[in-house]
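# Descriptive structure summary
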Amino acid sequence: MTQKPSAIGFQYLKETRYARDTLRGEPLDQYPRSPLYKTYPPDTPRVQLPPAAETFKADFWRCVQQRRSLRDYLEQPLSLEQLSALLWASQGVTAVQHHFALRAAPSAGALYPVETYVAVHRVEGVKPGIWHFHVPDFSLELVSPGDFRRSLVLAGLNQQFLGTAGVVFIWTGILGRSLWKYRQRAVRYLFLDAGHICGNLHLAATALGLGCCPVAAFFDEEVEQIVHANPEEEIAVYLASVGRLAGRP
Ligand SMILES: Cc1cc2nc3c(=O)[nH]c(=O)nc-3n(C[C@H](O)[C@H](O)[C@H](O)COP(=O)(O)O)c2cc1C
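Below, the structure is looked at part by part. (Residues numbered from 1 in each chain as written. Predicted model: local features only at pLDDT ≥ 70, side-chain atom pairs only at ≥ 80, totals over all residues.)

### Considerations on the sheet that holds strand β4 (residues 114-120)
Strands sit in the order β1-β6-β5-β4-β7-β9-β8 across an open sheet of 7 strands; the sheet is antiparallel. Since the sheet does not close on itself, it has two edges, and those belong to β1 (46-48) and β8 (210-215), each with one partner. Taking each pair of neighbouring strands and ignoring which way they run, the sheet shows an average axis angle of 25°. Its contacts with the sheet put helix α4 (residues 80-91) on β4, β5 (129-134), β7 (167-173), β8 and β9 (235-244), and the angle it makes with β4 is roughly 165°. With respect to the sheet, helix α8 (residues 186-207) is in contact with β4, β7, β8 and β9, its orientation differing from that of β9 by roughly 5°. (Pairing = 2+ DSSP bridges. Helix = DSSP H or I, 4+ residues; strand = E, 2+ residues; numbered from the N terminus. Axes fitted to C-alpha atoms, helices over the stretch in contact; angles between N-to-C directions. Contact = placed C-beta atoms within 7 Å.)

As structure tokens, this is what we get:
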């Protein structure tokens, strides 16, 4: 190990390791439990997403081969069907088993601490703004209407493609969903969950002939403000841009 044992990251990893002598006997529910779904007032403007199209066909192995982080996007908007397919592939419900609504990406303990928002810059049929993905209804809820291209570029350390994308996925984490079970180790799992989600998104975008780029370089507080997250409960975790590419249908 090349880092100093006192460094905060090393210390965190050390203190959250599972070991045979410390795992047993610790009570669960030391932390209050946050609800599985975030809810907005009933009068919040909504867009019902069309079912993820089965007409989108692609060869899985080719998608793995072709997946790249792509940052040059055309001005043309994404279709609502494409956005719907991207949301479904990353966080849609794909099965219900024993009262658990299981999603496209795995989640530690099926606790789903990651929340999905989309900053819509250009998507047919969806007005620009920040939208929250409501998983159980497969719909979008309007958080704030408006043009967020500049705010996202600034929040993303001036990475211009966050403004030229058709849509930017914004993932936050509500640790209160998993702390009660995994305690401080839940932080590790939150970021693993987000990696799975973004991996699915990236492959889905490739399958649709769209460009996608994961982004972890951003000012956390600014991203949290963009989605109106209270950082005491919900923290910025990860972004990904998606846009149309030249030479693709
Ligand atoms: C956790 C993570 C964070 C990343 N953050 C950024 C970023 O902030 N800006 C960016 O342009 N690319 C970012 N990337 C994309 C990487 O630069 C890219 O995956 C890497 O260069 C390998 O290229 P490939 O994805 O085309 O295989 C990130 C990727 C990951 C996995």
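### Points about the nonpolar core
By size, the foremost hydrophobic cluster in this structure holds 63 residues, and its most contacted members are Val167, Val168, Phe169, Leu201, Ala240 and Val242. If we skip the residues at most four places from it in the chain, valine 242 touches Leu78, Leu86, Ala165, Gly166, Val167, Phe169, Ala205, Leu210, Gly211 and Cys212. (Core = buried A, V, L, I, M, F, W, Y, C linked by C-beta atoms within 7 Å. Buried ≥ 20, exposed ≤ 12 C-beta atoms within 10 Å, placed from the backbone.)

### Overview of the environment of threonine 116
Its place among the elements puts threonine 116 in strand β4. Given 21 C-beta atoms within a 10 Å radius, threonine 116 is considered buried. Sequence-wise, threonine 116 and proline 42 are 74 residues apart; in three dimensions their C-alpha atoms are separated by 19 Å. Not counting chain neighbours up to four residues away, the residues in contact with threonine 116 comprise Leu87, Ser90, Gln91, Phe133, Phe169 and Trp171.

### Things to note about the site of the ligand
Taken together, Arg68, Ser69, Gln159, Cys213, Pro214, Val215, Ala216 and Ala217 are the residues near the ligand. Partitioning the shell around the ligand into residue classes produces 5 nonpolar, 2 polar and 1 charged. (Near = placed C-beta within 6 Å. Nonpolar A, V, L, I, M, F, W, Y, C, P; charged D, E, K, R; others polar.)

### Some details on the pairing of strand β3 (residues 100-103)
One ladder, built from 4 bridges, connects strand β2 (residues 93-97) with β3; its direction is antiparallel. From the neighbouring strand, alanine 95 faces β3, where its bridge partner is leucine 102. Following β2, the chain reverses through 2 residues before pairing antiparallel with β3; histidine 98 in that reversal takes a positive phi of roughly 50°.

### What to know about the packing of α4 against α8
Any two packed helices are characterised by how steeply their axes cross, that is the angle between the axes, and by the distance between the axes. Contact geometry for α4 and α8: axes closest at 8 Å, N-to-C directions at 145°. Like other packed secondary-structure pairs, α4 and α8 cross with a definite hand, here right-handed. Where α4 approaches α8, its residues Ala85, Leu86, Ala89, Ser90 and Gln91 are matched on the opposing element by Ile197, Asn200, Leu201, Ala204 and Ala205. (Left-handed = near helix turned anticlockwise from the far one by under 90°.)

### Let's talk about the environment of leucine 28
Summarising the element assignment, leucine 28 is placed in the loop between α2 (20-23) and β1. Judged by the 10 C-beta atoms lying within 10 Å of it, leucine 28 falls in the exposed class. Ignoring any residue separated from it by four or fewer positions in sequence, one finds leucine 28 in contact with Trp180 and Lys181.

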